[in-house]
Amino acid sequence: MKEERSSFSGKLGFILAAAGSAVGLGNLWRFPYLAAQHGGGIFILVYLILVVTFGFSMLILELAIGRKTKQSSITAYTKLHKKFGFLGYLAAIVPIIILPYYCVIGGWVIKYMMEFLTGGGLEAADSAYFGGFVSQAGEPLIFFVIYLLATMVIVLGGVQNGVERVSKVLMPVLLLLSIGISIYVATIDGAWDGIKYYVLPDLSNFSMSTVCAAMGQLFFSLSIAMGIMVSYGSYVKDDIDLSGCVNHIEIFDTSVALLSGFMIVPAVFVFAPDKLNTGGPGLMFETLPMVFKQMPFGQVIGAVFFVLVLLAALTSSISIMEAIVSMVMDKFKLKRWIAVVGVTVFSILLGIPSAWGFGLWGDVKILGMDFLTFFDFLANSVLMPIVALATCILVGWVVKTKTIEDEITKNGEKFARKGIFRVMVRYIAPVFLIMILVFYTLAQFGLVNY
Ligand code: PFF
């Protein structure tokens, strides 16, 4: 008997699962520090333009490939065209690189959550606190492993549904809390300059690196160019309106990111202006405790906030681990628990350099970057553009966009941005992606400034 492919229960179930994967540390931790670093308003503008054009096209394209082929990413591309099988493997490398360092940041979240829950959160507001924490050998490693094991237990126990159900309730709470914190931040003396920097585009801040950073962020945040959405698409029922779902996912994902910036970027102006360009991965951890310290009930609000961030992060990391585990199971015909344990051990090993990259191994730099920033760069700025480029060539020029358009509109659904989709996939995106890859290569040889 042919095994029935499992599928999402309906439109809402699918949107929530995809949003659970999309909304995570990318929105809360990564987006604000990139926005701060790459010119504020101009970064937001470039990002928003990319979301509604390129992000939309890639997301709907991957979901449609999945639903059309009814295969997960590793075999879906072969099914579309046998010469493109390599793309499945290339895409598969991305989550393998992301999972370990994602869990290192998840560990930082646990540390801060514990600190706030046990009453020490206000100490975290000290400007030397974060540096002191990440430069230790023990704690960053221990909290990383705890976070990874938590992800492992959920994936192993197959209780994703439970987590999704909890987060369905808690995510709106996170949204409301973020709105509240943003409003509070706006009332602090000196925050106004930060808000202006964050929302008003200043063309003199624009450079090629703004576009590159926004593009990498788009991939990361929407969980695209890594095969995950292809697999999700394969579980979507045929009668679901893909383009409507994509709109919901994008709006939700982008709102959380923008709000997170409203909490963090103006606070940087007030509390740590020197960190604007240099804060990097630590920015959220360094500035938010300072906000909580000033707020009435800050200790409690901070604790609730970090619990919610942890949940948002977990719904994403389980989707990353699940993607790797299902590929490993299929490829090596392994039992589920063996694959899960194998992926966990491998991730611990690969995560150690990122966990120690700000302390014990702080002197080691790859292409001028600490380990965590390097892995992040490798995944988002190198591999994902290559995967996206190959996908655009496959769909735009080999199997042709019509195949995908037909999949999207097969029940007579409206596809309002069809024109944009076609031009994007065939012309604009490939040219853009090639430019980005060339730019990065030149930057590595010091021929252009990054
Ligand atoms: N999109 C997630 C976030 O913004 O946090 C991160 C992520 C999820 C990356 C799933 C990769 C992935 F496969």
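Residues numbered from 1 in each chain as written. Predicted model: local features only at pLDDT ≥ 70, side-chain atom pairs only at ≥ 80, totals over all residues. Heavy atoms only, no water.

### A short note on the overall build of the chain
We count it as follows: The helix and strand labels rest on DSSP assignments: H or I over at least four residues marks a helix, E over at least two residues marks a strand, and numbering proceeds from the N terminus. Radius of gyration: over C-alpha atoms. The globule rule applied is 2.2 Å multiplied by the number of residues raised to the 0.38 power. For every residue, the accessible area (1.4 Å probe, protein chains only) is compared with the maximum for its type, and the residue is labelled buried under 20%, exposed over 50%, or partly exposed between those bounds. A contact between two residues is defined here by any heavy atoms of the two lying within 4.5 Å. For the area figures, the Shrake-Rupley method with a 1.4 Å probe applies, and any residue is considered shielded solely by the protein chains shown. In this tally Asp and Glu are treated as negative and Lys and Arg as positive; neither His nor the chain ends contributes. Note on charges: their place is set at NZ of Lys, CZ of Arg, CG of Asp or CD of Glu.
Scanning the chain from N- to C-terminus turns up 18 helices and 0 strands. Its C-alpha radius of gyration of 21 Å places the chain within 12% of the 22 Å reference for a compact globule of 450 residues. Principal-axis analysis of the C-alpha atoms gives the chain an extent of 60 × 50 × 40 Å. Taken across its 450 residues, the chain has 59% of its residues classed as buried. Relative to all contacts within the chain whose residues are 6 or more apart in sequence, the contacts with residues 24 or more apart total 82%. Carbon together with sulfur atoms contributes 68% to the accessible area of the chain, which is approximately 17800 Å² in total. Charge-centre separation for the chain: the mean point of 30 positive side chains lies 13 Å from the mean point of 27 negative side chains.

### Comments concerning helix α14 (residues 298-332)
To keep things clear, this is the line we draw: Helices are assigned an expected span. That span is 1.5 Å times one less than the residue count.
Look at α14: 50 Å from first C-alpha to last across 35 residues, which is about the 51 Å you get at 1.5 Å a residue. For α14, the tally of buried residues reaches 25 of 35 residues, placing the bulk of the element in the interior. A positive backbone phi angle near 50° is found at Lys-333, which sits one or two residues after α14.

### Some thoughts on the state of the cysteines
What counts is decided by this rule: In this description, the term disulfide denotes a pair of cysteine sulfurs within 2.5 Å.
Enumeration over the complete set of coordinates arrives at 0 disulfides. Counting only cysteine sulfurs, Cys-212 is the nearest neighbor of Cys-392, a cysteine outside any disulfide, at a range of 16 Å.

### Description of the side chain of Thr-391
By the element assignment, Thr-391 lies in helix α16 (residues 371-398). With residues near it in sequence (within four places) discarded, Thr-391 still touches Met-58, Leu-61, Ile-65, Tyr-77 and Leu-87.

### Description of empty space enclosed by the protein
To find the voids left in a structure, one rolls a probe of water-molecule size over its atoms. Applied cut-off: Buriedness for pockets is judged along seven lines, at least five of which must meet protein on both sides within 12 Å for an open set on the 1 Å grid over protein atoms alone, while cavities are sets there where a 1.4 Å probe fits but cannot get out, and lining residues have an atom within 4 Å of a point. Grid points are joined across faces, edges and corners, and a volume is the space filled by probe spheres set on the points. Under the grouping applied here, Gly and all other residues not named as nonpolar or charged are polar, the nonpolar ones being Ala, Val, Leu, Ile, Met, Phe, Trp, Tyr, Cys and Pro and the charged ones Asp, Glu, Lys and Arg.
One pass over the full model with this rule turns up 2 cavities of 30 Å³ or more. Within this model, the largest cavity holds a volume of roughly 130 Å³. Surrounding the largest cavity, 15 residues form its lining, Ser-21, Tyr-102, Phe-220, Ser-223 and Ile-320 being those nearest its centre. Residues of the lining of the largest cavity, tallied by class, amount to 7 nonpolar, 8 polar and no charged. Space inside the second largest cavity adds up to approximately 70 Å³. For the second largest cavity, the full set of lining residues is Ser-72, Ser-73, Ala-92, Pro-95, Met-226, Gly-227, Ile-228, Ser-231, Ala-323, Ser-326, Met-327 and Asp-330. The element contributing the most residues to the lining of the second largest cavity is α14, with 4 residues.

### Side note on the pattern of salt bridges
Applied cut-off: A carboxyl oxygen of Asp or Glu within 4 Å of a side-chain nitrogen of Lys or Arg is what we treat as a salt bridge.
Counted under the stated rule, the structure contains 11 salt bridges. Close ionic contact of Asp-238 with Lys-70 constitutes a salt bridge, the shortest N to O distance being 3.1 Å. A residue pair is termed long-range when its members are at least 10 positions apart, and Asp-238 in the loop between α11 (228-234) and α12 (242-271) and Lys-70 in the loop between α3 (41-69) and α4 (73-80) qualify at 168 residues. Since its relative accessible area comes to 36%, Asp-238 is described here as partly exposed. Put simply, Lys-402 and Asp-406 hold a salt bridge, and the shortest N to O gap is 2.9 Å. With Lys-402 and Asp-406 both in helix α17 (residues 401-408) and 4 residues apart, this pair spans about one turn of that helix. Of the residues examined, Lys-402 reaches a relative accessible area of 52% and is grouped as exposed.

### Some words on helix α1 (residues 11-22)
Given a rise of 1.5 Å per residue, 12 residues ought to cover 16 Å, and the 16 Å separating the end C-alpha atoms of α1 matches this to within 8%. All buried positions along α1 are accounted for by Phe-14, Ile-15, Ala-17, Ala-18, Ala-19, Gly-20, Ser-21 and Ala-22.

### A closer look at the nonpolar core
Put simply, the rule reads: We define a nonpolar core as any set of buried Ala, Val, Leu, Ile, Met, Phe, Trp, Tyr and Cys residues linked to one another through side-chain atoms lying within 4.5 Å.
Judged by nonpolar contacts, the single largest core of 158 residues is most densely connected at Phe-54, Ile-98, Phe-285, Phe-305 and Phe-306. Ranked by the residues each element gives to this core, the list is headed by helix α5 (residues 85-117), at 18 residues. Those residues in contact with Phe-306, other than ones at most four positions away along the chain, are Val-109, Tyr-112, Met-113, Phe-116, Met-284, Phe-285 and Phe-292.

### Structural notes on the packing of aromatic side chains
The cut-off we apply is this: When the centres of two rings from Phe, Tyr and Trp lie within 6.5 Å, Trp using its six-membered ring, the rings pair. Their planes under 30 degrees apart give stacked, over 60 give edge-to-face, and anything left gives tilted. Over a ring means this: the NZ of a Lys or the CZ of an Arg is within 6 Å of the ring centre and within 35 degrees of the ring normal.
Evaluation of the coordinates by the stated rule reveals 31 aromatic pairs. Summarising the aromatic geometry, the rings of Phe-377 and Tyr-440 are spaced 5.3 Å apart at their centres and angled 85° between planes, so their arrangement reads as edge-to-face. Note that Phe-377 is positioned in helix α16 and Tyr-440 in helix α18 (residues 418-444), a separation of 63 residues in sequence. Classification of Tyr-440 as buried rests on a relative accessible area of 5%. Among the aromatic residues, those joined into a cluster by ring pairs are Trp-108, Tyr-112, Phe-116, Tyr-129, Phe-130, Phe-133, Phe-143, Phe-285, Phe-292, Phe-305, Phe-306 and Phe-358. Taking the ring centre of Phe-220 as reference, the NZ or CZ of Arg-30 above it sits at 5.0 Å. We note Arg-426 situated over the ring of Trp-397; from NZ or CZ to the ring centre the distance is 4.1 Å.

### Considerations on the side chain of Arg-67
By the secondary structure assignment, Arg-67 is in helix α3. Ignoring sequence-local partners within four residues, the contact set of Arg-67 consists of Gly-233, Ser-234, Val-236, Lys-237, Asp-238, Ile-240, Leu-242, Glu-407, Ile-408 and Lys-410.

### Some thoughts on the packing of helix α7 (residues 138-157) against helix α15 (residues 336-356)
Note the threshold: Helix axes are fitted to C-alpha atoms over the stretch in contact, other axes to C-alpha atoms as well, and angles between N-to-C directions run from 0 to 180 degrees. In what follows, roughly perpendicular refers to angles from 65 to 115 degrees, roughly parallel to angles under 35, roughly antiparallel to angles over 145, and oblique to any angle outside these ranges. Crossing handedness follows the turn of the near helix against the far one: under a right angle anticlockwise gives a left-handed crossing, and clockwise gives a right-handed one.
Viewed as axis vectors pointing N to C, α7 and α15 meet at an angle of 160°, and their least axial separation amounts to 10 Å. Comparing the axis directions of α7 and α15 gives the class roughly antiparallel. Crossing handedness for the pair α7 and α15: right-handed. Packed against α7, whose contacting residues are Pro-140, Leu-141, Phe-144, Val-145, Leu-148, Leu-149, Met-152, Val-155 and Leu-156, the element α15 presents Arg-336, Trp-337, Val-340, Thr-344, Ser-347, Ile-348, Gly-351, Ile-352, Ala-355 and Trp-356 at the interface. Of the residues contributing to the contact of α7 with α15, the split by class is 15 nonpolar, 3 polar and 1 charged.

Take it as geometry only, folks, not as evidence of what the structure does.
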